[in-house]
Amino acid sequence: VTCAFFLWLLKIKLAMLFGLIHFVLNFIPNVGCIIATLMPLPLLLISPGLSFMRILLCILLPTAVHIVVGHGIEPKAMGDSLELHPITIMLCLI
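Throughout this document, residue positions are counted from 1 along each chain, in the order its sequence is written. Local features in a predicted model are, by the rule used here, given only for residues with pLDDT of at least 70; side-chain atom pairs are given and counted only at 80 or more, and totals for whole chains, interfaces and linings are based on all residues. Computation of side-chain values: all heavy atoms of the structure, hydrogens and water removed.

(A) Inspection of the overall build of the chain at higher detail. When you go through the chain residue by residue, the secondary structure sums to six helices and zero strands. Going along the chain from the N terminus, every DSSP run of H or I of four or more residues is numbered as a helix, and every run of E of two or more is numbered as a strand. The linear arrangement of helices and strands in the chain, starting from the amino end, is α-α-α-α-α-α. Burial here depends on accessible area, computed with a 1.4 Å probe over protein chains only, as a share of the maximum for the residue type. Under 20% is buried, over 50% is exposed, and the range in between is partly exposed. Counting all 94 residues of the chain, 27% fall into the buried class. Note on contacts: a residue pair qualifies if any of its non-hydrogen atoms lie within 4.5 Å across the two residues. The contacts in the chain between residues at least 6 apart in sequence include a share of 42% that link residues at least 24 apart. About 6600 Å² of surface is accessible on the chain, with carbon and sulfur atoms providing 78% of the total. The Shrake-Rupley method, run with a 1.4 Å probe sphere, supplies the accessible areas, and residue values consider only the shown protein chains as cover.

What follows is the structure in structure tokens.
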């Protein structure tokens, strides 16, 4: 949802579709988030009138969301629900 929101704020066409793709591909470990983040890149490159900064933000903001959620929020939530330390969760994901 946050990736779609950031793309929508940057006025990218098909932002909700790319948000749905982010949601689905997030279930594929390690490469799903990379594919989902780079998926809108061809559309961004052929869109006229997009500045380099907007294209860069369209890649960096979803990447930041994946880093914060994948390395911070999810291990903490899983650790609390399973009564394990978040570092243990991170080591199990490797």
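(B) Broad picture of the pattern of salt bridges. Salt bridge, as used here, is a side-chain nitrogen of Lys or Arg placed within 4 Å of a carboxyl oxygen of Asp or Glu. By the definition in use, this model includes one salt bridge. Lys76 serves as the salt-bridge partner of Asp80, at 3.3 Å between the closest nitrogen and oxygen. Remark: Lys76 and Asp80 occur in helix 5 (residues 52-82); sequence separation between them is four residues, near one turn of the helix. With a relative accessible area of 45%, Lys76 lands in the partly exposed category.

(C) Broad picture of helix 1 (residues 2-9). Along helix 1, the residues that are buried comprise Cys3, Ala4 and Leu7. Taken end-on, helix 1 shows its buried residues confined to a sector of 100°, consistent with a single buried face. Elements that come into contact with the buried residues of helix 1 comprise helix 2 (15-25) and helix 5. Phi turns positive one or two residues past the end of helix 1, at Lys11, with a value near 60°. An arc is given here, and it is the one of the directions from the helix axis to the C-beta atoms.

(D) Just the packing of aromatic side chains, in detail. Put simply, two rings from Phe, Tyr or Trp (the six-membered ring, in Trp's case) pair if the centres are within 6.5 Å, and we call them stacked under 30 degrees between planes, edge-to-face over 60, tilted for the rest. Here the structure, examined in full by the defined rule, presents three aromatic pairs. Centre to centre, the rings of Phe23 and Phe27 are 5.4 Å apart; their planes meet at 85°, and the pair counts as edge-to-face. A relative accessible area of 52% places Phe23 in the exposed class. A network of ring pairs unites the aromatic residues Phe5, Phe6 and Trp8 as a single cluster.

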